[in-house]
Every structure is written in structure tokens, then in C-alpha cells.
Amino acid sequence: PPMVCEPLELENNYDSGYLTIKESLISGKGNHHDGNICLDVLNTLNKVKLKLDMDFLLTVEEEPSKEFTIERVIKDGIEDGKYLTEAQAAVIVKTQLDNWHHFKPQSEKVYKLMYDLGNEFYLTHKVDKRGRIYAQGYHISTQSTAFKKACIELANEELVTGI
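Thresholds, definitions, all that
- Residues numbered from 1 in each chain as written.
- Predicted model: local features only at pLDDT ≥ 70, side-chain atom pairs only at ≥ 80, totals over all residues.
- Heavy atoms only, no water.
- Patch = residues over 30% accessible without salt bridge, like charges linked within 9 Å, V, L, I, M, F, W, Y side chains within 5 Å.
- Areas by Shrake-Rupley, 256 points an atom, 1.4 Å probe, with all protein chains shown as cover.
- Salt bridge = Lys/Arg side-chain N within 4 Å of Asp/Glu carboxyl O.
- Helix = DSSP H or I, 4+ residues; strand = E, 2+ residues; numbered from the N terminus.
- Buried < 20%, exposed > 50% of the residue type's maximum accessible area, 1.4 Å probe, protein only.
- Phe/Tyr/Trp six-rings, centres within 6.5 Å; stacked < 30°, edge-to-face > 60°.
- Contact = heavy atoms within 4.5 Å.

Undergrad: Explanation requested: a nonpolar patch on the surface in the structure shown.
TA: Nonpolar side chains collect at one region of the surface, where Val4, Leu113 and Leu117 lie side by side and expose about 280 Å² of accessible area between them. Tracing the backbone through its elements, the reader meets Val4 in the segment before strand 1 (14-15). In this structure Val4 comes out as partly exposed when scored by relative accessible area, which is 48%.

Undergrad: Help me understand the pattern of salt bridges, please; the structure alone is not making it clear to me.
TA: Evaluated as defined, the whole model comprises 14 salt bridges. A salt bridge links Glu157 to Lys51, with the shortest nitrogen-to-oxygen separation between them at 2.8 Å. In this pair, Glu157 is assigned in the segment after strand 6 (152-154) and Lys51 in strand 3 (residues 50-52), connecting sequence segments 106 residues apart. When its relative accessible area of 56% is taken as the criterion, Glu157 is described as exposed.

Undergrad: Help me out: how do you make sense of the packing of aromatic side chains in this one?
TA: In this description, a pair of aromatic rings is defined by centroid distance and the angle of the planes. The full count for this structure, using the stated rule, is three aromatic pairs. Ring geometry for Phe56 against Phe147: centres 5.1 Å apart, planes inclined by 45 degrees, an arrangement best described as tilted. You can see Phe56 sitting in helix 2 (residues 54-59) and its partner Phe147 sitting in helix 5 (residues 146-150), a full 91 residues away along the chain. Aromatic side chains Trp100 and Phe103 sit 6.1 Å apart centroid to centroid with 45 degrees between the ring planes, which places their arrangement in the tilted category. On the criterion of helical spacing, the pair formed by Trp100 and Phe103 is a turn pair, its members being three residues apart in helix 4 (residues 86-116).

Undergrad: When you look at the environment of Leu154 in this model, what are you seeing that I'm missing?
TA: Following the sequence through the fold, Leu154 ends up in strand 6. Spatially, the C-alpha atoms of Leu154 and Asp53 are 9.3 Å apart, while their sequence positions differ by 101 residues. In contact with Leu154, other than residues within four places in its own chain, are Val48, Lys49, Leu50 and Lys51.

Undergrad: How should I be thinking about unusual backbone geometry in this particular structure?
TA: The backbone phi angle of Cys38 is positive, close to 55 degrees, even though this residue is not glycine. Considering the arrangement of structural elements, one finds Cys38 in the loop between strand 2 (23-24) and helix 1 (39-46). The backbone of Asn119 shows a phi angle near 55 degrees, a positive value even though the residue is not glycine. In this structure, Asn119 sits in the loop between helix 4 and strand 4 (125-127).

This is the structure:
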């Protein structure tokens, strides 16, 4: 989840910005190493204070990022080299719908919790084995759906002038 206090400084590859968790900063099982992963860049990103755009969240309703249809599931299966019957696809669609109807209210609870805690938070970051950086977060993330990205703003706003 997002942090409501500033993340701890990262000191090595087996660290975390969280106060109680130490884990590999390199995503993926078996990818950990002690080589250079630019901890200074991760520390800089971790210190960016963010907030939720409450006007956006109160105005726009979150919608699924894909259609929950049997046709789409069958098509996606074919693209992955799997051939599904309509009955198999229907089970997958039901599971996806159930997951969505569970995820959306969970997200709304997390948004409310962040707002109630002052609407300022930080995201922590990790790298993959290629050095690409990823924001950590499930309900609130800068690397998610368009809706999730749109609901996050910089907490320290500045007026841009001189353009």
C-alpha cells in the first residue's frame, strides 16, 4: 500500500522504503543480486509526495479496462495459444466479473482511507532485472490503468510561469 510517512532511505538491494519490511528491490523470483541498481534514483522517486485528485474521484466512475465477454476471453485465449470452449470462457468471465466487483469497492475504501489520513502519501519503487523501475501499489499506482493514473497528483503543487 502507499506510505503515509516518508519512506526510509534505501541502503542496499535487500531493503525497502517501508518501516517493517525488508525484501529484494529486484522484482521476480530468483533475480536478486548485489550489483548496482541505482539506489539514488529509487530514493528520489520514493520521496515524491503524492495525493489523490478528489475532484476526479468524485466525478468520474472507475470502469473496467477491458470487456467481460465470452468472445474477448476466447480471442485472448487464442492469442495465448489456448483454445477455450464457450463454457470454459463463461467460467473465466464470471471469475473476472466477481474479481472486478470485489476490487472496485476495495479501491474506494483505500481512496477514502488515504483521504482520511490527510491525502498525502508516497509510493515505493522496485526495479526488474533489466533496470526498469516500477511503482509498487495495487489500488493506488502511477503504473496502472488510465483511471488509476488520472486520480494521482503531486502533493506539492506549483504554478508554472514564464512560458
